[in-house]
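# Remarks on the overall topology
In case you want the letters, here they are:
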Amino acid sequence: MAGHGGEYGEATRAVRLPTGGGTRGERPMRPPVHRSTTYAFEASQDYADVLDGVRGGYSYARIDNPTSDAFATALAAMEGAGTGREVHGQAFASGMAAISTVLLALTSAGSHVVASRALYGNTFSLLDGMLRRFGVETDFVDIGDTEQVRAAMRPETALVFTETLSNPAMLVSDIPALADAAHDAGALLVVDSTFASPAMCRPLEHGADLVLHSATKYIGGHSDATGGAVAGFGEPMARVRAARVDLGPCLAPDEAYMLHRGLETLPLRVARQCATAAEFAAAVAAHPAVANVDHPSLPGHPGHGLARALFDEGRYGAVVTVAPHGGREEGMAFADALGLADVAASLGGTHTLAGHVASTSHRQMSDAELEGAGIAASAVRFSIGLEDPQDLVRDALAALDRSGGA
């Protein structure tokens, strides 16, 4: 599943993604939806050849599906456009299915992982709980301190795991520096780029070995399809594919079709959402009830300089985290006072969503762990949608006034 096409602009690449072949050499404008779970062969040897990889083809939907393959190929094409190398993709039933499969594929009992201290809650609990039970040890570090990352390396370190943008503090990973640190130790760099998407940053261009996504978010873009994806190079991707086949987290064809469609409008949506987020962050940060706003567009954000260097121009992400003065009660009161933004899970869709971080996405973390990750107990995460920015600003400022913090 090759990913090239860097000679074209991002919008052209997005609408000219691979769709899968036609039946007689013609090219469908939309990827066909293949719902069949099984495929018949003219001869037993043909069946065996497909299973053994002697020739391409399909036998059983848990192993491969043409529609899911079309989505994985398209995602790889977007992530690999600037690498000049062959990039392969694999599709999954969810973002956590992708993360779990990658970690299980690339580690074994006795392996060691160096991971960001500011990871998504379920990724943190997977590393700190289930994988630790199976003999995989993880050191959680300040991923922004490259020397701390290097100091945590061991001979048995298999990979470094980080996020392009952390959830919810929007910390920016120095992907080139982390790639150098991982590779110098003989380890791989795996980057969860869900919060950025390939319309903002492509980690493979900066030295990462694998990039993964919860495609449910920006890639799907309409809060109506669940999926995950991984893209990367060579042998590590072969291991990920083998683990996916064994574990069974296959992406359904109807979901794959919708996620593929989402890729075509991804640059347009992300550009608009990022622009609105920057305007929203600047306006809300000036309210007296606000203790802190996390968004890399703000000059005072610790990742502002890195974001300018690594991200596409003018795109700093579409998630803004607002921490009013106070603690958990004040944060929940602020979220509850919102009138336009919906209190709901997930991100990356057309509607602006808000959620109190400590009681939702990071509920697995203790207060001490939250503090260590730089997350305020009052923090409310906004996923900026496609509404007019002035309406979102007016709603947030009125909610801050109503929640009693002014």
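See the structure above.
Description of the structure in this document.

Reading the values: the criteria
- Residues numbered from 1 in each chain as written.
- Predicted model: local features only at pLDDT ≥ 70, side-chain atom pairs only at ≥ 80, totals over all residues.
- Heavy atoms only, no water.
- Phe/Tyr/Trp six-rings, centres within 6.5 Å; stacked < 30°, edge-to-face > 60°.
- Helix = DSSP H or I, 4+ residues; strand = E, 2+ residues; numbered from the N terminus.
- Buried < 20%, exposed > 50% of the residue type's maximum accessible area, 1.4 Å probe, protein only.
- Contact = heavy atoms within 4.5 Å.
- Pairing = 2+ DSSP bridges.
- Axes fitted to C-alpha atoms, helices over the stretch in contact; angles between N-to-C directions.
- Salt bridge = Lys/Arg side-chain N within 4 Å of Asp/Glu carboxyl O.

All right, on to the packing of aromatic side chains then. Taken as a whole and judged by the stated rule, the model has five aromatic pairs. Ring centres 6.0 Å apart and planes at 40 degrees place the aromatic pair Tyr-39 and Tyr-58 in the tilted group. Here Tyr-58 lies in the loop between helix H2 (44–52) and helix H3 (66–79) and Tyr-39 lies in the loop between helix H1 (10–15) and H2, a separation of 19 residues in the sequence. In this structure Tyr-39 comes out as partly exposed when scored by relative accessible area, which is 23%. Here the aromatic rings of Phe-280 and Phe-382 are separated by 5.0 Å at their centres, their planes lie at 55 degrees, and the arrangement is tilted. With Phe-280 in helix H9 (residues 253–285) and Phe-382 in strand E12 (residues 380–383), this residue pair connects regions lying 102 residues apart in the sequence.

Moving on to the side chain of Gln-273. Assignment of secondary structure puts Gln-273 in helix H9. Setting aside its immediate chain neighbours within four residues, Gln-273 contacts Tyr-218, Ala-318, Gly-348, Gly-349, Ile-384, Gly-385 and Leu-386.

It is worth spelling out the sheet that holds strand E8 (residues 290–294) at this point. Taken in spatial order, the five strands make up an open sheet running E8-E9-E12-E11-E10, and their pairing is mixed. Looking at which strands have only one partner, the edges of the open sheet turn out to be E8 and strand E10 (342–343). Sheet analysis places E10 next to strand E11 (residues 353–356), joined by two bridges and oriented parallel. By the bridge assignment for E11, Asp-342 is matched with Leu-353. Against the sheet, H9 touches E8, strand E9 (319–324) and E12, its axis set at about 10 degrees to E9.

Here the focus is the sheet that holds strand E1 (residues 88–92). Spatial strand order, E1-E7-E6-E5-E4-E2-E3: seven strands in an open sheet with mixed pairing. Each edge of the open sheet is held by one strand with a lone partner, namely E1 and strand E3 (137–141). Neighbour to neighbour, the strand axes of the sheet diverge by 20 degrees on average, direction disregarded. Bridge analysis of strand E2 (residues 112–116) against E3 gives five bridges, and the strand direction is parallel. When the bridges of E3 are listed, His-112 appears paired with Glu-137. Each of E1, strand E4 (157–163), strand E5 (188–192), strand E6 (210–214) and strand E7 (228–232) touches helix H4 (residues 95–106); the most contacted strand, E6, lies at about 150 degrees to it. Helix H7 (residues 175–184) contacts E4 and E5 of the sheet and is inclined by roughly 150 degrees relative to E5.

This brings us to the environment of Val-380. Relative to the assigned elements, Val-380 resides in strand E12. Assessed through its relative accessible area of 0%, Val-380 is described here as buried. Through-space distance from the C-alpha of Val-380 to that of Val-320 is 8.5 Å; in sequence the pair is 60 residues apart. If we skip the residues at most four places from it in the chain, Val-380 touches Val-320, Thr-321, Val-322, Gly-331, Phe-334, Ala-335, Ala-354, Gly-355, His-356 and Val-357.

Below, the discussion takes up the pattern of salt bridges. One pass over the full model with this rule turns up 15 salt bridges. Of the charged contacts in the structure, one is a salt bridge between Arg-35 and Asp-254, with a shortest N-O distance of 2.8 Å. Taken as a pair, Arg-35 in the loop between H1 and H2 and Asp-254 in helix H9 lie far apart in primary sequence, 219 residues in all. Given a relative accessible area of 32%, Asp-254 falls into the partly exposed group. Here Arg-244 ties to Asp-64 by a salt bridge, and the two come within 3.2 Å at their closest N and O atoms. With Arg-244 in helix H8 (residues 234–247) and Asp-64 in the loop between H2 and H3, this residue pair connects regions lying 180 residues apart in the sequence. A single burial state applies to Arg-244 and to Asp-64, both of which are buried. Several salt bridges share partner residues, and in doing so they unite Glu-137, Asp-139, Arg-154 and Glu-156 into one network.

Take it as geometry only, folks, not as evidence of what the structure does.
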